[in-house]
Amino acid sequence: MAWYEIINHSLSSIFYSYGKLITRHKRKFLLCPLLLASLLSLGVICLTFENDAIYLFTPPTSRARADLIYMEKHFPVDYDDFIPSRALTTQEKTGNLYIMSADGGNVLRGEIISDILQLNAAFQAMEVTIDNNIDRFNFSTICARFNGQCLPEFIISFLSYLNENGNNFLISYPFTVFPNGEAIFLGYSLGGVTVADDGSVVSAQAIALNYILQSGTPEQDTKALQWEEAFTRLVESWNSSSRMAISHLTSQSLSDELLAMTESVMPLMIVTFCILTSFAVTSCIMTDWVQAKPWLGVCGLISAFLAISSTVGLLSACGVAFNQVVASMPFLVIGVGIDDMFIMVASWRHTDRRLAVEERMGLAYLDAAVSITITSVTDALAFCIGAITPLPAVRIFCLYAGVAIIFDYLFQITFFGACMVYTGQREADGKHYLTCKKVLPKDEAPSTSYRIWCAGGVSTTVTAEEGKQSEQIITQFFRKFYGPFIVNPVVKMLVVVLFTGYLCVAVWGCLHIQEGLQLKDIFADDSFARKYYQDQGEYFTEFGAAVSVVLDTNQNYWEKGIQNEIEHITMDFESSRFIHGEKQHTESWVRDYLTFLSETLNTTNVDQELFVQLLRDEFLTRPEFQNYNKDINFNCEKTEIESSRFVLKSTEVVQSTDEMEFMSEMRHKADSASLSLTIFSPTFIFIEQYVIIVPNTIQALLIATGCMFIVALFLMPHPVCAVMVTVCIVTIETGVIGVMSLWNVKLDGISMINIILCIGFSVDFSSHMTYAFITSPGKTGNERAMDALHTLGTPILQGGLSTILGISVLSSSPAYVFRAFFRTMFLVMLFGLFHSLVFLPVFLSFLNTILPRKTRPTPEVGEIQIEPSRQANNAYSPIPKDNVEDTQPLKNKGEQSSVCKEQVYILYNDKRISLDSVAIKETVL
């Protein structure tokens with residue numbers, strides 16, 4: 001016997017005995033899981049939410065985060081002398097406004113400027129109180145300052161001057177100069193600008209105001225958060241003018257909106273529960289009122305909810321925070337739980353109805369538990385592999401989902417098994433599923449109405465063949481119609497052509513997939529945060545985040561060669577299409593200082609001492625050059641420059657592919673420069689996800705596929721089965737990735753989760769059908785394919801549909817995150833069903849000659865009758881017909897022969913599995 005057969009036989013024997021054990025101790029197996037789930041669920045009191053979008057969707061160990069740590073150490077932010085272009089993060093404590101004209105026209109009109117100034121005055125006058133009104137403060141006491149003024153005073157001063165002298169003041173863009181010679185940069189403050197041929201501003205569609213707050217200490221952070229809340233309330237209540245359209249954002253908007261979106265999806269759980277309850281109950285109902293098992297459908301849902309509550313409680317108690325991505329986990333687990341429930345019920349239905357409950361449970365577990373063990377192991381393993389990804393959102397989701405799958409499996413084989421025992425005993429007693437009153441079988445019904453509404457169960461004269469058949473309408477469809485149809489030679493050729501076309505479309509889609517998750521896609525469609533990012537993408541597209549280029553080692557800046565090299569590096573960066581190359585946009589202290597030396601000394605050829613002295617004592621003290629104090633790090637004696645930087649203005653990059661190219665090009669230029677450089681931009685932290693998403697997805701796919709092959713190799717009954725399962729994984733994954741790109745789903749952290757899910761579900765679908773085919777008693781490939789479809793077609797279809805129904809409520813979600821989850825999961829289910837019910841039966845039939853035949857674990861029973869003493873239970877234990885002693889001829893129907901007492905067994909792959917010794921009376925029927 002081969003090693004894979006030994007493993008399979010061992011598992012079958014274990015689960016056969018385990019199924020009988022549950023029957024004998026059904027109460028313990030029912031109550032203990034409930035008690036365990038209740039205790040674990042108490043951990044929910046420790047539930048915390050992680051709503052930091054930057055943390056969730058960016059790798060914590062990325063190069064950008066390492067560069068951020070370096071920048072914070074050498075170029076820390078000073079809120080008492082704050083320069084926006086030197087900010088190290090896009091998440092400063094701040095209140096941000098984009099103000100547009102309500103009619104879409106020029107926002108620089110006098111009446112709108114007047115409204116903006118009124119709104120600003122309201123912010124300035126707004127007082128915030130904390131600590132029971134003891135501490136009162138306003139914006140001026142906590143604002144970040146530049147040149148002694150609160151930001152955004154410079155743009156407010158500009159608007160005030162424009163409001164008073166609009167007819168006599170010519171605005172230039174992006175730099176404008178006041179009559180007193182003061183120049184200000186308007187690139188970040190005016191959006192949708194139309195410029196005349198002479199460079200003057202004709203109109204602007206939006207104005208940006210940024211109220212930046214001090215932060216860093218606990219006291220400052222507390223005040224800043226309180227002020228942001230007051231800021232949001234004021235903006236939402238502002239109704240002094242209908243001439244303005246306002247979008248707003250604070251540093252807490254990301255967290256608040258993520259929390260709100262997570263909470264908004266919770267009511268969908270109720271809808272999902274109702275839909276799946278209806279589906280599960282309907283799927284378990286039959287015209288036989290004794291064999292119908294609608295309550296098992298409900299128990300399957302309860303089992304899934306026990307797994308969800310246990311998982312959330314356990315991980316919450318362990319300190320693992322919940323987040324918006326994890327909010328989609330329950331929909332997944334419910335679908336998986338229902339799928340396992342259908343497999344278990346289908347296995348029960350395929351046992352002989354005349355067997356004792358204990359025997360039927362043993363056989364049902366022998367058949368189904370091995371199958372759901374394979375799928376549960378592979379699903380959990382897929383999530384374990386997904387948990388190694390550097391994206392915290394993906395890692396945390398995989399942790400929650402993996403633990404939930406394990407709990408679901410445990411509750412399925414314990415709690416749900418006990419529910420099956422109680423239902424089986426009711427069925428054995430011939431009781432109506434609703435009233436629990438004993439009823440007559442259909443062939444003994446006294447009337448038509450009784451037969452329609454009450455009758456059910458096994459007749460005392462049932463034959464062995466009738467005892468083995470207990471089919472739903474859909475099962476009969478697979479046996480009578482679909483099976484013969486799919487093995488038709490013409491249909492087989494059409495399936496091959498269809499599958500080839502499917503692969504071609506899938507590969508084409510894979511070549512056109514887009515990468516990356518943009519910030520606006522994290523929020524709900526009606527979120528104010530999403531509107532803010534949409535306005536940013538529409539109006540403020542010319543100037544993007546600043547890029548700092550740091551010379552991170554001590555250089556001989558006074559030497560001509562180093563000066564030329566720095567200028568060469570600067571011009572190399574300015575040559576990029578992502579950087580504004582005009583010299584006035586680059587803030588380079590080296591360039592301006594050399595100009596200063598040339599104008600002051602008529603030369604730049606000075607020694608180190610004079611170079612540093614003039615830089616420190618004259619250049620950096622001039623008002624127009626004071627910004628550069630933030631760009632130069634002297635040693636303690638201020639006699640040497642330890643590090644310095646120059647700052648570039650980037651263009652606004654909208655597409656994720658362009659953002660990735662932007663960061664990659666900047667890093668390549670820095671890495672290939674002759675001097676040691678560190679390149680940093682606040683947006684790099686979020687863009688970093690684009691760099692890792694493809695290689696990490698490919699890595700997860702390769703590792704998971706390899707692991708699935710190894711698991712299938714050990715648990716499936718033949719190595720060819722493992723190969724077919726692996727082929728299905730690859731083709732389903734290709735289809736999902738390819739088609740999701742055509743359905744406006746990008747390759748990002750959310751879809752990466754679903755692609756990992758796809759691996760587990762691919763194994764689920766393919767392993768069920770492959771296992772059913774290889775254990776089919778049919779002789780030809782067509783017979784085995786039809787038998788496999790008859791055996792597992794119904795539960796596979798029910799399982800796929802239940803998962804689709806479970807996630808269908810997310811299709812109308814106002815958030816891209818949940819819509820993307822639905823779309824990719826829908827594709828997984830659709831292609832999984834296609835492979836399981838169409839592709840695999842056809843292709844496995846082609847491989848019939850190389851696939852050995854493994855006998856299914858079905859007992860061999862003769863024609864028997866229920867003993868009078870056991871008719872109340874409508875059940876008995878079987879004995880092979882050949883073992884019955886025919887000690888005397890039977891002349892009359894119903895006359896009993898001698899009693900034989902034998903050791904009863906079932907045949908499984910030519911191996912005898914011993915059953916209980918029982919006394920059976922054979923009767924002539």
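Residues numbered from 1 in each chain as written. Predicted model: local features only at pLDDT ≥ 70, side-chain atom pairs only at ≥ 80, totals over all residues. Heavy atoms only, no water.

Engineer: Explanation requested: helix α21 (residues 608-617) in the structure shown.
Structural biologist: Two residues of an α-helix separated by three or four positions point the same way, owing to the 3.6 residues in each turn. Taken residue by residue, α21 has F611, V612, L614 and L615 as its buried positions. For α21, the angular spread of buried residues about the axis comes to 165°, placing them on one side. Each element contacted by the buried residues of α21 is listed here: α19 (560-574), α20 (589-601), β14 (632-634) and β15 (641-649). (Buried < 20%, exposed > 50% of the residue type's maximum accessible area, 1.4 Å probe, protein only. Helix = DSSP H or I, 4+ residues; strand = E, 2+ residues; numbered from the N terminus. Arc of directions from axis to C-beta. Contact = heavy atoms within 4.5 Å.)

Engineer: Would you mind showing me how to read α20 here?
Structural biologist: Look at α20: 17 Å from first C-alpha to last across 13 residues, which is about the 18 Å you get at 1.5 Å a residue. Those residues of α20 that fall on the buried side of the exposure criterion are W589, V590, R591, Y593, L594, F596 and L597. Among the structural elements, α19, α21, β14 and β15 are those in contact with the buried residues of α20. Where α20 terminates, the next one or two residues include N602, which has phi positive at roughly 60°. (Expected span 1.5 Å × (residues − 1).)

Engineer: Would you explain the sheet that holds strand β11 (residues 206-212) in this entry?
Structural biologist: Strand pairs in the sheet, formed through backbone hydrogen bonds, run parallel or antiparallel to each other. An order of β8-β11-β1-β12 is seen for the 4 strands of this open sheet, with the pairing classed as antiparallel. Because the sheet does not close on itself, it has two edges, and the strands there are β8 (190-191) and β12 (244-250). In this fold helix α18 (residues 528-539) packs onto β1 (94-101), β8, β11 and β12, with an angle of close to 110° to the strand it touches most, β12. (Pairing = 2+ DSSP bridges. Axes fitted to C-alpha atoms, helices over the stretch in contact; angles between N-to-C directions.)

Engineer: Even after reading the chapter, I still don't get the nonpolar core, so can you show me in this structure?
Structural biologist: Here is a general trend for soluble globular proteins: nonpolar side chains tend to be buried in one another's company. Of all hydrophobic cores here, the largest spans 227 residues; its most connected members are L332, F397, F573, W589 and F611. Examining the composition of this core, we find that 21 residues originate from one element, helix α13 (residues 392-428), more than from any other. Setting aside residues no more than four positions away along its own chain, W589 makes contact with Y557, F611, L615, F619, Y628, D631, I632, I641, S644 and R645. Core analysis: the next-biggest nonpolar cluster, separate from the first, contains 45 residues, I116, C150, F169 and A204 among them. (Core = buried A, V, L, I, M, F, W, Y, C linked by side-chain atoms within 4.5 Å.)

Engineer: Which parts of the structure should I look at to understand the environment of S447?
Structural biologist: Inspection of the secondary structure puts S447 in the loop between α13 and α14 (448-453). Engagement of the side chain of S447 in a polar contact is seen with the side chain of S449, the distance being 3.4 Å. (Polar contact = N/O pair within 3.5 Å; in protein donor to acceptor, adjacent residues only side chain to side chain.)

Engineer: Honestly, the state of the cysteines in this entry has me stumped. Any pointers?
Structural biologist: Disulfides are covalent bonds that connect the sulfur atoms of two cysteines. For the structure on display, the rule yields 1 disulfide. A disulfide bridge connects C143 with C150, and the sulfur atoms are separated by 1.8 Å. Its torsion about the S-S bond being -55°, the disulfide of C143 and C150 is classed as left-handed. Overall, C143 belongs to the buried group, its relative accessible area being 0%. (Disulfide = S-S within 2.5 Å.)

Engineer: Whenever I open this one, the sheet that holds strand β13 (residues 546-551) confuses me. Can you help?
Structural biologist: Sheet architecture is open: 4 strands sit in the order β14-β15-β13-β16, paired in antiparallel fashion. Bordering the open sheet on either side are β14 and β16 (677-680), each of which pairs with just one other strand. Here the strands of the sheet are splayed against their neighbours by 15° on average, with no regard to which way each runs. By the bridge criterion, 6 bridges tie β13 to β15 in an arrangement that is antiparallel. Residue A546 lies in a different strand from β15, and its bridge partner there is K649.

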